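Secondary and tertiary structure notes
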Amino acid sequence: PLSFILTGLPGLPPSSPWAALPLGCLYLLMLLGNCTLLWMIRTDHTLHTPMYSFLSMLATADLGLSLSTLPTVLAAFGAASPSLPLGACVAQMYFIHCFSAIESGVLVAMAFDRFVAICHPLHYSSVLSSALVLRAGGLVLLRGVSVVLPVALLIRKMRFCGSRVLSHSFCLHQDMLRLVCGDVRVSSLYGLIAVILTKGLDSLTILLSYTMIIKALLSIVSPGARAKAFSTCISHLSAVLIFYIPLIGFSTPHRFGKHLHPLTQTLLADAYLLVPPVLNPLVYSWKTQQIRKRILLLLC
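Under an unreviewed UniProt entry, the chain has the name Olfactory receptor and belongs to Chaetura pelagica. The UniProt entry for the chain carries the following text under Sequence similarities (unreviewed entry): "Belongs to the G-protein coupled receptor 1 family."

The structure is reproduced here in structure tokens:
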């Protein structure tokens, strides 16, 4: 049966258990941080607000993204050239890109939350009702599931020949297309369109939201009130940068920088999938006063 061979870091032996240890610690930190966030938001009634509802969606997307790669990443460093069947590889590819699109959509919803809170504070409760938050979460989930599904269906029907060695320890769309025999223009074009319809539009929407937020902040006369209002956006801005900087660093060379060193592409891919789920809980725990207080109470 058709299967693909996973690779760890180029230049390392096929089996490097010592390299799996720091990766395992990162995954453990990711699980602990995101699960703690979800538990605190669920159990503390003071956190049952639209902002924290979107934060719980972000933590859930981070968990899904990390758990999609956890088995194969640890296997690639703990075993000699592990293989993955075609069906499992396509499924993993689908979930990685699906949760990535969902996380991007959640960041847009959080940007809208900050826009309403700063530009229209008196209408915050009426605009961001529980029903609207629920519908927004459903739309983000539906968009991620539906936009990525054709990518998996197209590549599932393609023929693979020659080398079946992937460039990473998980399955990604562009990496699998590299091993296809025949014309891949339709699948490659739709993959690019899917990225534009999700991350491309999302990044422009977030940029527009913060343009209007900055415009509203400049109209505030008091510097103290202006700084206090902007401080509520720092956590979300950090999450946006944590998500989009590794994404741009990985996607651009992967599509256009074919002559990059394999180690560079591998490290960029790992950063794209590991950095946001690990850092987001830390950023929100440090920058959000309610969560920081709750954590300190738990530690004490």
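So much for the structure itself; the text now carries on.
Next up on the list: a nonpolar patch on the surface. On the surface, a nonpolar cluster with roughly 730 Å² of combined accessible area is contributed by Leu 189, Leu 192, Ile 193, Ile 196, Leu 197, Leu 201, Leu 204 and Leu 207. Mapped onto the elements, Leu 201 comes out in helix H7 (residues 185-218). We classify Leu 201 as partly exposed; its relative accessible area is 44%.

Let's shift gears to the state of the cysteines. A covalent bond between the sulfur atoms of two cysteines is referred to as a disulfide. Scanning all chains against the criterion turns up two disulfides. Between the sulfur of Cys 89 and that of Cys 171 lies a disulfide, 1.9 Å long from S to S. Because the torsion about its S-S bond is -115 degrees, the bridge between Cys 89 and Cys 171 counts as left-handed. Linking Cys 89 in helix H3 (residues 86-119) with Cys 171 in the loop between helix H5 (130-156) and helix H6 (173-177), this pair joins segments that are 82 residues apart in sequence.

A few words on the nonpolar core. Leu 55, Leu 107 and Met 176 are the most contacted members of the largest nonpolar core, which has 77 residues in total. Of all the elements in the fold, those that place two or more residues in this core are helix H1 (17-43), helix H2 (50-78), H3, H5, H6, H7, helix H9 (234-256) and helix H10 (262-287). With sequence-adjacent residues up to four places away left out, Leu 107 is seen in contact with Leu 58, Ile 206, His 236, Ala 239, Val 240, Phe 243 and Tyr 244.

Let us look at the UniProt feature "transmembrane region" (unreviewed entry) in the chain. Those places that UniProt annotates as "transmembrane region" (unreviewed entry) correspond, in this numbering, to residues 20-41, 53-77, 132-155, 229-247 and 267-286. As annotated, residues 229-247 has a helix share of 89% and a strand share of 0%, and its two end C-alpha atoms lie 28 Å apart. Secondary structure content for residues 267-286 is 100% helix and 0% strand, while the C-alpha to C-alpha distance between its ends is 27 Å.

One way to put it is that H3 packs onto H7 with a least axis distance of 9 Å and a crossing angle of 15 degrees. It follows from the interaxial angle that H3 and H7 lie roughly parallel. Classified by chirality, the crossing of H7 by H3 is left-handed. Contact with H3, carried on its side by His 97, Ser 100, Ala 101, Ser 104, Gly 105, Leu 107, Val 108, Ala 111, Arg 114, Phe 115, Ile 118 and Cys 119, involves Thr 198, Lys 199, Asp 202, Thr 205, Ile 206, Ser 209, Tyr 210, Met 212, Ile 213, Ala 216 and Leu 217 of H7 and no other residues of that element.

The rules behind the values
Residues numbered from 1 in each chain as written. Predicted model: local features only at pLDDT ≥ 70, side-chain atom pairs only at ≥ 80, totals over all residues. Heavy atoms only, no water. UniProt positions renumbered as here; feature names shortened; annotations may be inferred. Patch = residues over 30% accessible without salt bridge, like charges linked within 9 Å, V, L, I, M, F, W, Y side chains within 5 Å. Areas by Shrake-Rupley, 256 points an atom, 1.4 Å probe, with all protein chains shown as cover. Salt bridge = Lys/Arg side-chain N within 4 Å of Asp/Glu carboxyl O. Helix = DSSP H or I, 4+ residues; strand = E, 2+ residues; numbered from the N terminus. Buried < 20%, exposed > 50% of the residue type's maximum accessible area, 1.4 Å probe, protein only. Disulfide = S-S within 2.5 Å. Core = buried A, V, L, I, M, F, W, Y, C linked by side-chain atoms within 4.5 Å. Contact = heavy atoms within 4.5 Å. Axes fitted to C-alpha atoms, helices over the stretch in contact; angles between N-to-C directions. Parallel < 35°, antiparallel > 145°, perpendicular 65-115°, else oblique. Left-handed = near helix turned anticlockwise from the far one by under 90°.

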